[in-house]
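Structural characterization, general
As a plain string of letters, each chain reads:
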Amino acid sequence: MSLFKCILCFKEIEKDSERFLIQNNKKTIFDVYVALANLEFHVYAASVYICRQSHGLLKKRNNLPQNLEELQKSMRINYATSLALFSSRKIR
Ligand SMILES: [Zn+2]
């Protein structure tokens, strides 16, 4: 059994560059441990590694709330601008 299995997809992670440690002491980077704990299903601590692909999915999922907020803000501003333009044309 390999020591380099991905905690999420259980795939063997052969290349060093494709392998990330779950526990990381650097507070400034993406916290995989916290992101795994925030999933709506339990992830067993079957490995201390995560593959690049699973890491990417986890990061994407983690960024969704902020992306949604930014999209809504952008749509709100665009609508307000369009509405103001439409209203000003209507009055003339
Ligand atoms: Zn994986």
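This structure is a prediction, so every number in the text was calculated from the model and none was measured.

The rules behind the values
Residues numbered from 1 in each chain as written. Predicted model: local features only at pLDDT ≥ 70, side-chain atom pairs only at ≥ 80, totals over all residues. Helix = DSSP H or I, 4+ residues; strand = E, 2+ residues; numbered from the N terminus. Rg over C-alpha atoms; globule rule 2.2 N^0.38 Å. Buried ≥ 20, exposed ≤ 12 C-beta atoms within 10 Å, placed from the backbone. Contact = placed C-beta atoms within 7 Å. Core = buried A, V, L, I, M, F, W, Y, C linked by C-beta atoms within 7 Å. pLDDT = per-residue confidence, 0-100.

**A closer look at the overall build of the chain**
- For the chain, the helix and strand inventory stands at two helices and two strands.
- When the helices and strands of the chain are placed in sequence order, the string is β-α-β-α.
- The C-alpha atoms of the chain give 21 Å as radius of gyration, which overshoots the globular expectation for 92 residues (12 Å, by more than 25%).
- The principal-axis extents of the C-alpha atoms in the chain amount to approximately 75 × 25 × 25 Å.
- Counting the 92 residues in the chain, one finds 13% classified as buried.
- Summarising the internal contacts of the chain: among those between residues at least 6 apart in sequence, 69% fall at separations of at least 24.

**Describing the nonpolar core**
- Core analysis: the biggest nonpolar cluster contains ten residues, these being Cys6, Ile7, Leu8, Ile13, Phe20, Val32, Tyr49, Ile50, Cys51 and Leu58.
- Element by element, the count of residues in this core is highest for strand S2 (residues 49-51), at three residues.

**Thoughts on unusual backbone geometry**
- The phi angle at Phe10 is positive, at roughly 65 degrees, despite the residue not being glycine.
- Mapped onto the elements, Phe10 comes out in the segment before strand S1 (19-21).

**Considerations on the environment of His42**
- Relative to the helices and strands, His42 is located in the loop between helix H1 (32-37) and S2.
- Since 7 C-beta atoms lie within 10 Å of it, His42 is described here as exposed.
- With 33 residues separating them in the primary sequence, His42 and Cys9 have C-alpha atoms 13 Å apart.

**With respect to the environment of Gln66**
- With respect to the helices, strands and loops of the structure, Gln66 is situated in helix H2 (residues 52-91).
- The class of Gln66 is exposed, set by 9 C-beta atoms lying within 10 Å.
- Considering only alpha carbons, one finds Gln66 and Leu21, 45 residues apart in sequence, at a separation of 25 Å.

**Structural notes on the environment of Val32**
- Tracing the backbone shows Val32 in helix H1.
- Judged by the 22 C-beta atoms lying within 10 Å of it, Val32 is buried.
- Spatially, the C-alpha atoms of Val32 and Ile50 are 8.6 Å apart, while their sequence positions differ by 18 residues.
- The residues touching Val32, leaving out its near neighbours within four places in the chain, are Phe20, Ile22, Ile50, His55 and Leu58.

**Some thoughts on the confidence of the model for the chain**
- Looking at the chain as a whole, its pLDDT mean stands at 91, while 93% of the residues score no less than 70.
- For the chain, S1 is the element with the lowest average pLDDT, namely 91, and S2 is the one with the highest, namely 96.

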